[in-house]
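# Architecture at a glance
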Amino acid sequence: MSQPVETPAAAPAMEPLFGEPDKPVRKRRSRAKELLEGSNEPQREAVLHEGSPLLVVAGAGSGKTRVLTRRIAYLVSERDAHPGSILAITFTNKAAAEMRHRVADIIGNRARIMWVSTFHSACVRILRAELHRFGYAREFSIYDDADSKRLMQLVCSDLGLDPKRHPVRKVLNWVSNCKNDLVDHESAGSRAGLGEESYPEAYAQYQLRLRKASALDFDDLIMLTVHLFQAFAEVREHYRRRFRHVLVDEYQDTNHAQYVLIRELCGPSDAGAAAPAPTDQEAPQEGAIDPPELMVVGDSDQSIYAFRGATIRNILDFSTDFPGARTIMLEQNYRSTQTVLSAANAVISHNDGRPAKNLWSAAGDGDRIVGYVADSEHDEAQFVASEVRELVEQGRGTYGETAVFYRTNAQSRAFEEVFIRTGVPYRVVGGVRFYERKEIRDVIAYLRAIANPADDVSVRRILNVPKRGIGDKSEGAIDALAQKAGIPFSEALRRASETALAPGSVKKITGFVDLIDEHRQLVADGAPAHDVLASILDRSGYHAELQGSKDPQDETRMENLAEFLAVAEEFATQASTVDLDGAGAEPNLVGAPEPDPSLPAFLERIALVADSDQIPDAESGGVVTLMTLHTAKGLEFDTVFLTGCEDGILPHQRTLTDPGELAEERRLTYVGITRARKRLYLSRAVSRSAWGAPQHNPPSRFLGEIPDRLMDWRRLGSAVTSWQNSSATARYRERNRIEGFASRVDSPRAKKSIELAVGDKILHTSFGLGTVKKITGSGSNAKAEVDFGSMGAKLLAVQFAPIEKLD
DNA sequence: TCGCGGCGCACTCTC
DNA sequence: TGCGCCGCGA
């Protein structure tokens, strides 16, 4: 949890700004010199001097972020840009922290007043200062995904939506898409293009509830900022003047709302229709100010967030969106071997309608890509574990420079089991998220209820946690009162005596109100977040309840809470020295620039920080990193294991029917492959247990797209041999599509050699994994009685049944 | 009002 | 497989 604070002096050794990252780091001075004198590569040089707007299209590993960093340093050093006038937007907080480090390494302490943050953090800052214009209270809660889902659940049941036909998740996604496309709920009903159901009422109700709770969800952060800019010309103008340089990393992952935000900020001046026309001849220059300079960097092949509303359109249409824009392409890769790149190129080239691009590397061919076909996911994990150990023992790699990627979080389990058993040190990034654990959410709800009295969702969550005798009945009565009087739930709690509840119940409720009030006072007195947290854990009885429990689970809960408390304390000390957005030292930024360790600031911080921001530094970790392909973006490792290369896993089952989604899966694979510097492993499992029942998937179609000469197959599946032959790939794929997985294990050759004994494990195309219970007859007459678990016992003709024997 | 046990369902990816 | 919800008994 302890990310390095922004202390340039203590910054870890960093990569050079360009050139091979593997080379020993040169001294800071020479690097700065190199920066200012330019590099030997003309395109990179051009990135510095090229005007605005500027689009840099760069392949994986070509140092996109480095180029962006360079431009910032150039602006400050050569063009005397005030660092406070620079806004750099990155995709994750982690990336923002890294960028601040890099810039600080070149221009020193002045980098501290640069504004580097994610879209969401930037918007929160602006909203804190400006949202009162829309009538919001200054303290608003920020709802994460789980909160939004909970809220939408209430809405759906209010509207009587059948959860079978209209799952909460689906409704929420629809609403989220509307917001990302800036379609407000009044016009959402007539929204065309989605084809499926639309939920304008749910949208309206959901927004109403959010509004009542003084809460914003993630999509609101962007949407409302855009609305602010559009509704108040002076606000828009203020930020256009304040930011003279706007730089956006990972532009391919921006959605429509984010694009409009950038356009409002950096578009041509006359775009602001609301701005008063300069008819007054006395002050013609007033208000006539050039838009901020804009530079965006991206790679359309790495767009992997379409499901969240990101649209590649933004990068393809950049030059139309921003007239006069120039484009620079960077195609040299400084990260990977040519072998790795060729594989990546081969896969991505199967996507239609992408601009031609061919990455090349000067790093040499390097090792071939190792392929492995495992029998099961355990076998796959076993292979990865032993391979990692071997690399480390032979001194060819370190744990910290090794990563294991998978498509879904659920796949991490097999690796964890085997890694624990074999003693390979590892760390899972993401997965069951820290902030999604029950106990953490509980205390966050406490903190929110204290900070934002209107936050009904949070108040009701902790009303009876820990148990204090306020049950459904009491809650219902209070809720009825709140509805009747039109007041927030927390307000109704104070008037509990007006209900028909028993005096005992009223007393319990009063006790709860007092508890919250007491801590609200604590906050008002300026107590830092961790003090409030520690107090509420104690006074609410939450701590005591866990302590008294005999459930071993509660022990880990205690540990988690202790860690959370540590996070809060760390936040307080950080906040008092440096602002996490790097904006704290800027006096005239927005509203309250002073870093503050207060409770609202802490809540804001934890709402916006994703767990994947806590990826340990690869160099210092010394442990193998396990993560999903999505979180892998922007990272790189010497050795990469890309696991689960199966149709149904990667590409994911739900994407197989949609060419557009399939293209995104291919880009995801591309991202995974290009994370590898030196060694790449591709593995798949013939059989994989998915919630209980074994399931067997055909090899990923993406595997067949990689030329044979690049591959070194360490082990092939026992029964399947033809699929990796590229000439057979198309046929295989076709056959597979028609027959489903039935064609995978019935190769004639495999059948001939099958000999079964009692106790053998076999794989049947229809029944799945089974155990041989009894054998009768022999040779071609052999029959086997096989127990297929939940599928029952079957009698099979060994010679003809579509089965495969497992080791 | 609470606690327990049985059952049914769930797994994309994330700021 | 494990989590969350529901219904029941105390």
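Residues numbered from 1 in each chain as written. Chains lettered and ligands numbered in written order. Predicted model: local features only at pLDDT ≥ 70, side-chain atom pairs only at ≥ 80, totals over all residues. Heavy atoms only, no water.

Glancing now at the nonpolar core. Of all hydrophobic cores here, the largest spans 49 residues; its most connected members are Leu-493, Phe-512, Phe-564 and Phe-602. Core analysis: the next-biggest nonpolar cluster, separate from the first, contains 43 residues, Leu-87, Phe-229, Leu-265 and Ala-325 among them. (Core = buried A, V, L, I, M, F, W, Y, C linked by side-chain atoms within 4.5 Å. Buried < 20%, exposed > 50% of the residue type's maximum accessible area, 1.4 Å probe, protein only.)

Here we take up the protein's contact with DNA strand B. If you check the shell around DNA strand B, you find 26 residues, and the closest are Arg-407, Asn-409, Arg-433, Ala-610 and Arg-654. In DNA strand B, atoms within 4 Å of the protein come 59% from sugar and phosphate. The side chain of His-120 places a nitrogen or oxygen atom 3.0 Å from a base oxygen of DNA strand B. Between a base oxygen of DNA strand B and a side-chain N or O atom of His-630, the distance comes to 3.2 Å. Counting residues per element, the ones that place at least two in the surface near DNA strand B are α19 (472-485) and α27 (629-632). When the residues that make up the surface near DNA strand B are grouped by side-chain class, the tally is seven nonpolar, 13 polar and six charged. (Near = heavy atom within 4 Å. Polar contact = N/O pair within 3.5 Å; in protein donor to acceptor, adjacent residues only side chain to side chain. Helix = DSSP H or I, 4+ residues; strand = E, 2+ residues; numbered from the N terminus. Nonpolar A, V, L, I, M, F, W, Y, C, P; charged D, E, K, R; others polar.)

Once that is clear, we can look at empty space enclosed by the protein. Taken as a whole and assessed by the stated rule, the structure comprises six cavities of 30 Å³ or more. If you add up the space inside the second largest cavity, you get close to 70 Å³. Forming the walls of the second largest cavity are Ala-449, Val-459, Ser-490, Leu-493, Arg-494, Phe-512, Val-513, Ile-516, Asp-517 and Arg-520. Contributing elements (two or more residues each) for the lining of the second largest cavity: α20 (489-494) and α21 (503-524). Grouping the constituent residues of the lining of the second largest cavity by class yields six nonpolar, one polar and three charged. (1 Å grid on protein atoms, 1.4 Å probe; cavity = no way out; pocket = protein on both sides within 12 Å on 5 of 7 lines; lining within 4 Å. Points joined across faces, edges and corners; volume = space filled by probe spheres on them.)

With that settled, consider the sheet that holds strand β2 (residues 86-90). Overall, parallel pairing links the six strands, which are arranged β3-β2-β6-β7-β1-β8 in an open sheet. A single partner strand is all that each edge strand has here, and the edge strands are β3 (115-118) and β8 (326-330). The mean angle between the axes of side-by-side strands here comes to 15 degrees, regardless of whether they run parallel or antiparallel. Of the strand pairs in this sheet, β2 and strand β6 (residues 245-248) are connected by four bridges, and their pairing is parallel. Looking at β6, one finds that Ile-86 is bridged to His-245. Of the strands in this sheet, β1 (54-58), β2, β6, β7 (293-298) and β8 are in contact with helix α3 (residues 64-78), which crosses β7 at around 160 degrees. The sheet contacts of helix α4 (residues 93-107) involve β2 and β3, and relative to β3 the element is tilted by about 160 degrees. (Pairing = 2+ DSSP bridges. Axes fitted to C-alpha atoms, helices over the stretch in contact; angles between N-to-C directions. Contact = heavy atoms within 4.5 Å.)

Here we come to the pairing of strand β14 (residues 624-628). For β14, the tally of buried residues reaches five of five residues, placing the bulk of the element in the interior. Judged from the four bridges that link them, strand β12 (residues 402-406) and β14 form a sheet pairing that is parallel. In the strand pairing of β14, Ala-403 is matched with Thr-625. Two elements, strand β13 (residues 426-428) and β14, share three bridges in a ladder whose sense is parallel. Bridge assignment links Tyr-426 to a residue of β14, and that residue is Val-624.

Let us now look at the sheet that holds strand β19 (residues 711-715). With parallel pairing, seven strands are arranged side by side in an open sheet as β13-β14-β12-β15-β16-β11-β19. Edge strands, defined here as strands with exactly one partner in the open sheet, are β13 and β19. Taken over all neighbouring pairs, the strand axes of this sheet differ in orientation by 20 degrees on average, direction set aside.

In total, this model carries 49 salt bridges according to the counting rule given. In this structure, Glu-98 engages Lys-94 in a salt bridge whose closest nitrogen and oxygen atoms are separated by 3.9 Å. One end of the pair is Glu-98 and the other is Lys-94, both in helix α4 and four residues apart, which spans about a single turn. Here Lys-94 falls in the buried class, since its relative accessible area comes to 10%. A salt bridge links Glu-705 to Arg-666, with the shortest nitrogen-to-oxygen separation between them at 2.7 Å. (Salt bridge = Lys/Arg side-chain N within 4 Å of Asp/Glu carboxyl O.)

Let us look at the packing of aromatic side chains. The relative placement of two aromatic rings is captured by the distance of their centres and the angle of their planes. Scanning the model with the defined rule gives 20 aromatic pairs in all. With a centroid separation of 5.0 Å and an interplanar angle of 40 degrees, the aromatic rings of Phe-91 and Tyr-305 are classed as tilted. Here Tyr-305 lies in the loop between β7 and α12 (313-316) and Phe-91 lies in the loop between β2 and α4, a separation of 214 residues in the sequence. With a relative accessible area of 24%, Phe-91 lands in the partly exposed category. A residue is classified by how much of its surface remains accessible, and Tyr-305, at 9% relative accessible area, is buried. Measuring from centroid to centroid gives 3.8 Å for Tyr-372 and Phe-383, while their planes differ by 5 degrees, and the two rings are stacked. Separated by eleven residues along the polypeptide, Tyr-372 in strand β11 (residues 369-374) and Phe-383 in helix α15 (residues 377-393) bring together distant segments of the chain. (Phe/Tyr/Trp six-rings, centres within 6.5 Å; stacked < 30°, edge-to-face > 60°.)

Under the UniProt annotation, the feature "binding site: ATP" (unreviewed entry) is placed at Ala-58, Gly-59, Ala-60, Gly-61, Ser-62, Gly-63, Lys-64 and Thr-65. One can find Gly-61 in the loop between β1 and α3. In this structure Gly-61 comes out as buried when scored by relative accessible area, which is 5%. In contact with Gly-61, other than residues within four places in its own chain, are Gln-332, Asn-333, Tyr-334 and Arg-335. (UniProt positions renumbered as here; feature names shortened; annotations may be inferred.)

This brings us to helix α5 (residues 119-130). Its twelve residues place the ends of α5 16 Å apart at the C-alpha level, agreeing with the 16 Å of an ideal helix rising 1.5 Å per residue. Taken across its twelve residues, α5 has eleven buried, putting it largely inside the fold. If you check which residues of α5 are buried, you get Phe-119, Ser-121, Ala-122, Cys-123, Val-124, Arg-125, Ile-126, Leu-127, Arg-128, Ala-129 and Glu-130. (Expected span 1.5 Å × (residues − 1).)

On to the confidence of the model for chain A. In the predicted model, chain A carries a mean pLDDT of 80, and 80% of its residues have values of at least 70. Taken together, the stretch residues 1-38 has pLDDT below 50 and engages in 75 contacts with residues farther than four places along the chain or on a different chain. In the predicted structure, residues 271-285 sits below a pLDDT of 50 and forms four contacts with residues beyond four places in sequence or in another chain. (pLDDT = per-residue confidence, 0-100.)

Compared with the 21 Å implied by 1.5 Å per residue over 15 residues, the 21 Å span of α4 between its first and last C-alpha is a close match. Burial analysis of α4 places twelve of its 15 residues in the buried class, which makes it a mostly covered element. Turning to α4, its buried residues number three or more, namely Asn-93, Lys-94, Ala-96, Met-99, Arg-100, His-101, Arg-102, Val-103, Ala-104, Asp-105, Ile-106 and Ile-107. Two residues or fewer after α4 comes Gly-108, characterised by a positive phi angle close to 75 degrees.

Geometrically, the link from Ser-52 to Pro-53 is a cis peptide bond, its omega value of -5 degrees lying close to zero. Secondary-structure assignment places Pro-53 in the loop between α2 (42-49) and β1. The peptide bond linking Leu-650 to Pro-651 adopts the cis configuration, its omega dihedral lying at 5 degrees. Here Pro-651 shows up in the loop between β15 (637-642) and α28 (659-673). Despite not being glycine, Ser-214 has its phi angle at roughly 55 degrees, a positive value.

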